[in-house]
Amino acid sequence: MIHVVHHPAYVTEAPARSTYRWGKNGAIRDLLRAKGDAVAWTEPELILPVWLEAVHDPDYVAEVLEARVPPDKTRRIGFPITQQVAHRARAVPGGTWTAALLALQHGFAANTAGGSHHALANTGAGYCVFNDLAVAAVRLVEQGVVGRVAIVDCDVHQGDGTAALTAGRPDIVTYSIHAEKNFPARKARSTLDVGLPDGVDDDGYLTQLQATLVPFLDEHRPDIILYQAGVDPFVEDRLGRLAVTHEGLIARDTLIADLALARGLPVASTVGGGYGDDVMAIAERHVAAILTLGHRMRAWEPERDRNVARG
Ligand SMILES: [Zn+2]
């Protein structure tokens, strides 16, 4: 049984003048629905504005929730904020939060949206409105649910918003492995950044991931991983620059699960980037990530070997 968090508001009409291809969240839902009883569904509550304001400026939160975001910010986001989009923007962080709680209970849960890692304190950016990863992480530690959260971001673009919104907090650590020359041009500083050259293939990607994520987890000893499982490192991704194959992405997500299992860490995953004309193919890559993690994490046992050497 794989725990999946989904809200009907994730699937919404594309607002006019959107440069973002909407519809993949509905395709992800449909592909997972076809798995029948293998998936346990949870519908999240909308996140309360107070938790959005814990990481975003209250003025920006109000602009979004009242659907009056100024044009300069709309341009940075990539689509206008209608009432419907604002509603969705509260549902998505609610989903990542709910996935984290389910993961703490069952070892793994996936949000079928989220991973909005470019959203900053006073504006959204790069198709991201509110930063669900930072919102969920801050709520987890401020409510005392866990002591430390690791946000592991394997989207091909740097998790700049997440890094900026959680900077200076000892209870939240951020890891980003990305194409160095890709968006955003100006990088923020994560706890650990791994910038890859263009064209890195499966072997190069997995070697770098293993070599950097193992010491990161062992140094910071988080209690949970929030995993941004963007599929845009894929070789054919329109905004990628890397050359990771379908098998390489599966190996990536298997590695993430195995590193978590070896440390007794629960994993809550979000989607993330994935760009191209074939929405169904992109949705299939996101679903492959969710199923790979879900199947692998079945072996999870909480707190296993916490005080023993970690491999
Ligand atoms: Zn991306």
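Everything numeric in this text was worked out from a predicted model, so none of it was measured. (Residues numbered from 1 in each chain as written. Predicted model: local features only at pLDDT ≥ 70, side-chain atom pairs only at ≥ 80, totals over all residues.)

Undergrad: Looking at this model, I keep getting lost on the sheet that holds strand β3 (residues 108–111). Mind explaining?
TA: Taken in spatial order, the eight strands of this open sheet run β2-β1-β3-β8-β7-β4-β5-β6, and their pairing is parallel. Of all strands in the sheet, those bounded by a partner on one side alone are β2 (39–42) and β6 (192–196). Each strand axis lies, on average, 20° off the axis of its neighbour in the sheet, ignoring direction. (Pairing = 2+ DSSP bridges. Helix = DSSP H or I, 4+ residues; strand = E, 2+ residues; numbered from the N terminus. Axes fitted to C-alpha atoms, helices over the stretch in contact; angles between N-to-C directions.)

Undergrad: What's the story with helix α5 (residues 83–106) in this structure? I'm lost.
TA: For the α-helix, the turn length of 3.6 residues means that residues three or four positions removed from each other point alike. With 24 residues, α5 extends 34 Å from end C-alpha to end C-alpha; this agrees with the ideal 34 Å at 1.5 Å per step. Burial within α5 is extensive, with 18 of its 24 residues counted as buried. Looking at the residues trailing α5, positive phi occurs at G107, about 100°. (Expected span 1.5 Å × (residues − 1). Buried ≥ 20, exposed ≤ 12 C-beta atoms within 10 Å, placed from the backbone.)

Undergrad: Any chance you could explain the environment of R29 here in plain terms?
TA: Relative to the helices and strands, R29 resides in helix α1 (residues 24–33). Separated by 17 residues in sequence, R29 and T12 place their C-alpha atoms 13 Å apart. The residues contacting R29, other than those within four sequence positions of it, are H6, V11 and T112. (Contact = placed C-beta atoms within 7 Å.)

Undergrad: Could you clarify how one ought to interpret α1 in this entry?
TA: All of the buried residues along α1 are K24, N25, I28, R29 and L32. What you see down the axis of α1 is that its buried residues fit within an arc of 145°, all on one side. Contact partners of the buried residues in α1: β1 (2–5), β2 and α10 (279–296). (Arc of directions from axis to C-beta.)

Undergrad: Can you walk me through the UniProt feature "domain: Histone deacetylase" (unreviewed entry) in the protein chain in this structure?
TA: Per the UniProt record, "domain: Histone deacetylase" (unreviewed entry) is found at residues 42–288. For residues 42–288, the end-to-end C-alpha separation is 19 Å, with 43% helix and 13% strand making up the annotated structure. (UniProt positions renumbered as here; feature names shortened; annotations may be inferred.)

Undergrad: Please explain the pairing of strand β4 (residues 149–153) as it appears in this structure.
TA: Remark: a regular strand shows side chains that alternate across the two faces of the sheet. The element β4 is largely enclosed, with a buried count of five among its five residues. Residues V149, I151 and D153 point to one face of β4 and A150 and V152 to the other, with burial holding for every one of them. Both β4 and strand β5 (residues 172–179) contribute to a ladder of five bridges, which runs parallel. Within the sheet, the bridge partner assigned to D153 lies in β5 and is S176. Judged from the five bridges that link them, β4 and strand β7 (residues 224–228) form a sheet pairing that is parallel. Counterpart to I151 in the pairing with β7 is L226.

Undergrad: Just checking my understanding: could you explain the pairing of β5 for this structure?
TA: Of all eight residues in β5, eight are buried, a share of seventy percent or more. In the classification by handedness, the crossover that spans β4, the intervening helix α7 (residues 160–166) and the parallel β5 is right-handed. Direction of pairing for β5 relative to β6: parallel, over a ladder of five bridges. Following the sheet pairing, A179 is matched in β6 by L196. (Right-handed = clockwise from strand over helix to strand, strands pointing away.)

Undergrad: What should I look at first to understand the packing of helix α9 (residues 246–262) against α10 in this one?
TA: Helix-helix packing is characterised by the crossing angle of the two axes and by the distance between the axes. Between α9 and α10, the shortest axis-to-axis distance is 9 Å and the interhelical angle comes to 35°. In the crossing of α9 with α10, the sense of the turn from one axis to the other is right-handed. Within the contact between the two elements, α9 uses L249, I250, D253, T254, I256, A257 and D258 and α10 uses R285, A288, A289, T292, L293 and R296. Within the contact of α9 with α10, the residues separate by chemical class into seven nonpolar, two polar and four charged. (Left-handed = near helix turned anticlockwise from the far one by under 90°. Nonpolar A, V, L, I, M, F, W, Y, C, P; charged D, E, K, R; others polar.)

Undergrad: Just to check I follow, could you spell out the environment of V149 for this structure?
TA: With respect to the helices and strands, V149 occurs in strand β4. Sequence-wise, V149 and Y10 are 139 residues apart; in three dimensions their C-alpha atoms are separated by 25 Å. In contact with V149, not counting residues within four places along its chain, are A137, L140, V141, D171, I172, P222, I224 and L226.

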